[in-house]
Amino acid sequence: GFFKVRCAMSEKRAAEGEMSGDVASKKAKTTSKKIISTDTAPAAIGPYSQAVAVTGFLFVSGCIPLDPKTMEMVGKTAAEQAEQVMKNLGAVLAAGGSSYDNVVKTTVLLTDMTHFAEVNAVYAKYFNDSPPARACFAALALPKGALVEIECVAVLPE
């Protein structure tokens, strides 16, 4: 009955290469990623890229408050560090062809949730009109002893 007809139709489509898996694998072969690197933000301190652009999105690695020129930590307070983190994030976004206005998701990492309000005050200056979706987590420790780390995903303008 119906099941046999449905299976026969699926087999015919599969033979003709029309199944969704075949279409997806053809698209995957034409998708390429572009590694983003800039000296206006701190260099990666491990085996990762500052950002990767792929299919209309820019994935920015976690930024910590390093000075791009000296690679030294900037700021003693969470607010001071958050300011440098946001500058670094902005530099990578610009290098990738995007901006704060195009950020759709951020992840904020704090070593102490009591820093949330002061980091939030800095963060809000950069995302005031249409803030992105966000998650905020407390982490036991962050690289180089940072108090704040932020990563994001942005759309690339057409």
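Residues numbered from 1 in each chain as written. Predicted model: local features only at pLDDT ≥ 70, side-chain atom pairs only at ≥ 80, totals over all residues. Heavy atoms only, no water.

> Please explain the overall build of the chain as it appears in this structure.
Along the chain, the regular secondary structure elements total four helices and six strands. Sequence-ordered secondary structure for the chain, helices as α and strands as β, is α-α-β-β-β-α-β-α-β-β. Looking at the chain alone, contacts between residues at least 24 apart form 66% of all its contacts between residues at least 6 apart. Surface summary for the chain: the accessible area is close to 9400 Å², and the carbon and sulfur share equals 58%. (Helix = DSSP H or I, 4+ residues; strand = E, 2+ residues; numbered from the N terminus. Contact = heavy atoms within 4.5 Å. Areas by Shrake-Rupley, 256 points an atom, 1.4 Å probe, with all protein chains shown as cover.)

> How should I be thinking about the packing of aromatic side chains in this particular structure?
The relation between two aromatic rings is expressed through the spacing of the ring centres and the mutual angle of the planes. Taken as a whole and assessed by the stated rule, the structure comprises four aromatic pairs. Judged by centre distance (5.8 Å) and plane angle (80°), the rings of tyrosine 100 and phenylalanine 127 are edge-to-face. Taken together, the residues tyrosine 100 in the loop between helix H3 (78–95) and strand E4 (103–110) and phenylalanine 127 in the loop between helix H4 (116–126) and strand E5 (133–138) connect sequence positions 27 residues apart. You'll find tyrosine 100 and phenylalanine 127 in the same group, each marked buried. Taken together, Tyr100, Tyr123, Tyr126 and Phe127 form an aromatic cluster joined through their ring pairs. Sitting over the face of the ring of tyrosine 123, arginine 134 holds its NZ or CZ atom 4.6 Å from the ring centroid. (Phe/Tyr/Trp six-rings, centres within 6.5 Å; stacked < 30°, edge-to-face > 60°. Buried < 20%, exposed > 50% of the residue type's maximum accessible area, 1.4 Å probe, protein only. Lys NZ or Arg CZ within 6 Å of the ring centre and 35° of its normal.)

> Before we go on, may I ask you to explain the side chain of glutamate 149 in this structure?
Assignment of secondary structure puts glutamate 149 in strand E6 (residues 148–155). No salt bridge is formed by the buried glutamate 149; the nearest opposite charge belongs to lysine 144, separated by 12 Å. Every residue in contact with glutamate 149, bar those within four places of it in the chain, is listed here: Gly62, Cys63, Ile64, Thr107, Val108, Leu109, Leu142 and Pro143. (Lys, Arg positive; Asp, Glu negative; His and termini not counted. Salt bridge = Lys/Arg side-chain N within 4 Å of Asp/Glu carboxyl O.)

> Would you mind going over the side chain of threonine 38 with me for this structure?
Structurally, threonine 38 can be placed in the loop between strand E1 (33–36) and strand E2 (51–54). Taking the relative accessible area as the measure of exposure, threonine 38 reaches 15% and is therefore buried.

> What am I meant to see in the packing of H3 against H4 here?
Interaxial distance between H3 and H4 falls to 8 Å at its minimum, and their mutual angle equals 30°. With respect to their mutual orientation, H3 and H4 come out roughly parallel. Note on packing geometry: the crossing formed by H3 with H4 is right-handed. Between H3, through Ala78, Ala79, Ala82, Glu83, Met86 and Lys87, and H4, the contact on the second element is made entirely by Glu118, Val119, Val122, Tyr123, Lys125 and Tyr126. The class makeup of the residues in the contact of H3 with H4 is eight nonpolar, no polar and four charged. (Axes fitted to C-alpha atoms, helices over the stretch in contact; angles between N-to-C directions. Parallel < 35°, antiparallel > 145°, perpendicular 65-115°, else oblique. Left-handed = near helix turned anticlockwise from the far one by under 90°. Nonpolar A, V, L, I, M, F, W, Y, C, P; charged D, E, K, R; others polar.)

> Mind showing me how you'd approach the nonpolar core here?
Ranked by internal contacts, the top residues of the largest apolar core, which has 29 residues, are Leu58, Val60, Met86, Leu89, Leu93, Val148 and Ile150. Mapped onto this core, the elements with two or more residues apiece are E2, strand E3 (57–63), H3, E4, H4 and E6. Ranked by residues supplied to this core, first place goes to H3 with eight residues. Among residues more than four places away in sequence, those in contact with methionine 86 are Tyr100, Val122, Tyr123, Tyr126, Phe127 and Ile150. (Core = buried A, V, L, I, M, F, W, Y, C linked by side-chain atoms within 4.5 Å.)

> Whenever I open this one, the sheet that holds E5 confuses me. Can you help?
As a general point, the strands of a sheet are linked pairwise by backbone hydrogen bonds and lie either parallel or antiparallel. Reading across from one edge, E1-E2-E3-E6-E4-E5 is the order of the six strands in this open sheet, with mixed pairing throughout. Each having just a single partner strand, E1 and E5 make up the two edges of the open sheet. Ignoring strand direction, the axes of neighbouring strands in this sheet form an average angle of 15°. Bridging between E4 and E6 involves seven bridges; their strand directions are antiparallel. Pairing of leucine 110 across the sheet is with valine 148, part of E6. Packed onto the sheet, H4 meets E4, E5 and E6 and runs at close to 150° relative to E4. (Pairing = 2+ DSSP bridges.)

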